[in-house]
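Listed below, chain by chain, are the residues.
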Amino acid sequence: MRIGLVAGPWIPVPPVAYGGTERVVDSLARGFAAAGHEVVLAAPSDSTCPVPLVPGMRPAQPGGLGSTITELSHVARAYEAMDGVDIIHDHTLAGPLYLQRPQQVPVVTTIHGPLNTEAVDIYRAIGRRAAVIAISRDQCSRAPGVPVTRVIHHGMDVASVPMGSGSGGYLCFVGRACQDKGLLEAIMVARDAGMPLRIAVKMREQEELRYFHEVIEPLLGPNEDFVGEVDDAAKYRLMGEALAFLNPIQWPEPFGLVMIEALATGTPVIGTAVGSAPEIIDHGRTGFLGRTELLAGFVQEAAGLSRAACRKIAKDRFGEERMVNEHLWLFGKLLAGEMPSGVPDTVGLHQNL
């Protein structure tokens, strides 16, 4: 196959630091190419993914995150280069609705964000003209009216992540500085457990800065070590030496990529049982899930979990190869004209994964 991939205009592929969607796109591009397929990637011009990049794209524009005109301009340039591909996998919101795309070329899109009321309207419209991939069963269940073609969990290259020893004597938190990610709750959990907490957060957007300076910064004390935003190497060291990774999210996150990153280092995850977390973490085996007020009580139990098992499950269930193969299977079905017209029974769909 000749596969066209379209990433968003906001962050390079792969990202230098924060950027979950861009990590997934990078893994897919590399994986498709490694499987012998031709790949052309439309992404910001400062991307370094080692596949052919669409020329004439602009550099990443993080300051315009969410801007309609920025995304539409990016999409228009991306689709000009998609003539001749067999299938397009689009990771933007606007792209699957773009009218000037190549005719007779199937388009697949992945829902990376929450299916709120506005997003449901958009993906219902997209589903009339494109195949739709959900990234978790929980995400899919929150909008039964969206015609999801397949549920495919994210994956990552576990072999590229060093195994940690868990001997650092601390808990850690990695995420964005916002209420949804549970940074405030992580601080409280670590204090209740009597364990130091190391904190690495993305803090670039105005709302992230406001939340950190108004809510988090006044609380920081000797129990917290704030290290800021880190690159991959520093992140994996931080995770790998932690006794456990805290993920007390306060919203139904569609897929928590950071959880499988922690498992890849061998570090168990302690978090709230919301969103996709129960699909990723095996309670009592790769971590513990529960209500926020119960999480501190799991810390000592987490110390007794097998780090080797955490890493093996990350590789077996959330490895890059599995994710790539599931996408290629779907692409083959679509090119053979076998796209389902919708999946009314999501339970049956999940059992087929």
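Residues numbered from 1 in each chain as written. Predicted model: local features only at pLDDT ≥ 70, side-chain atom pairs only at ≥ 80, totals over all residues. Heavy atoms only, no water.

A. Structural detail: the overall build of the chain. In terms of regular secondary structure, the chain is built from 13 helices and 12 strands. Here the chain has a C-alpha radius of gyration of 20 Å; the compact-globule value for 353 residues is 20 Å, and the two agree. The principal-axis extents of the C-alpha atoms in the chain amount to approximately 60 × 40 × 40 Å. Relative to its 353 residues, the chain shows a buried fraction of 56%. Long-range contacts, defined here as pairs at least 24 residues apart, represent 66% of the contacts in the chain between residues at least 6 apart. Total accessible area on the chain stands at roughly 14500 Å², and carbon and sulfur atoms take up 53% of it. When the 30 basic and 39 acidic side-chain charges of the chain are each reduced to a single mean position, those positions are 3 Å apart. (Helix = DSSP H or I, 4+ residues; strand = E, 2+ residues; numbered from the N terminus. Rg over C-alpha atoms; globule rule 2.2 N^0.38 Å. Buried < 20%, exposed > 50% of the residue type's maximum accessible area, 1.4 Å probe, protein only. Contact = heavy atoms within 4.5 Å. Areas by Shrake-Rupley, 256 points an atom, 1.4 Å probe, with all protein chains shown as cover. Lys, Arg positive; Asp, Glu negative; His and termini not counted. Charge placed at Lys NZ, Arg CZ, Asp CG, Glu CD.)

B. Spatial organisation of the packing of aromatic side chains. Per the stated rule, a full pass over the model turns up five aromatic pairs. Note on Tyr79 and Tyr98: the rings are 5.6 Å apart at their centroids and 50° apart in plane angle, and the pair reads as tilted. With Tyr79 in helix H2 (residues 68–80) and Tyr98 in the loop between strand E3 (87–90) and strand E4 (107–110), the pair connects residues that are 19 residues apart, well separated along the chain. Ring centres of Phe288 and Phe298 lie 5.0 Å apart, and the angle between their planes is 5°; this geometry places the pair in the stacked category. Here the residue Phe288 occupies a position in strand E12 (residues 287–290), and Phe298 occupies one in the loop between E12 and helix H10 (299–302), the gap between them amounting to 10 residues. Each member of the pair, Phe288 as well as Phe298, carries the same accessibility label: buried. For Arg198, the ring lying beneath its charged end belongs to Tyr170, and the centroid distance is 5.5 Å. (Phe/Tyr/Trp six-rings, centres within 6.5 Å; stacked < 30°, edge-to-face > 60°. Lys NZ or Arg CZ within 6 Å of the ring centre and 35° of its normal.)

C. Representation of the sheet that holds E3. Here six strands make up an open sheet; going across it, the order is E2-E1-E3-E4-E5-E6 and the pairing parallel. Lying at the two open borders of the sheet, with one neighbouring strand each, are strand E2 (38–42) and strand E6 (150–151). Of the strand pairs in this sheet, E3 and E4 are connected by three bridges, and their pairing is parallel. In the sheet register, His89 faces E4, and the bridge partner there is Val108. The strands touched by helix H1 (residues 20–34) are strand E1 (2–6), E2 and E3; relative to E1, the strand with the most contacts, the crossing angle is about 170°. (Pairing = 2+ DSSP bridges. Axes fitted to C-alpha atoms, helices over the stretch in contact; angles between N-to-C directions.)

D. Spatial organisation of the packing of helix H7 (residues 232–240) against helix H8 (residues 257–264). Remark: H7 packs on H8, axes separated minimally by 9 Å, with the N-to-C direction vectors making an angle of 70°. Taken together, the axis directions place H7 and H8 in an arrangement best described as roughly perpendicular. Every pair of crossing elements has a handedness; the one defined by H7 and H8 is right-handed. Here Lys235, Tyr236 and Met239 of H7 come into contact with H8, specifically with Val258, Glu261 and Ala262. (Parallel < 35°, antiparallel > 145°, perpendicular 65-115°, else oblique. Left-handed = near helix turned anticlockwise from the far one by under 90°.)

E. Representation of the packing of helix H5 (residues 183–193) against helix H6 (residues 206–216) within the structure. Contact geometry of H5 with H6 gives a least axis separation of 11 Å together with a crossing angle of 35°. Contacts between H5 and H6 involve Leu183, Leu184 and Ile187 on the former and, on the latter, Tyr211, Val215 and Ile216. Grouping the constituent residues of the contact of H5 with H6 by class yields six nonpolar, no polar and no charged. (Nonpolar A, V, L, I, M, F, W, Y, C, P; charged D, E, K, R; others polar.)

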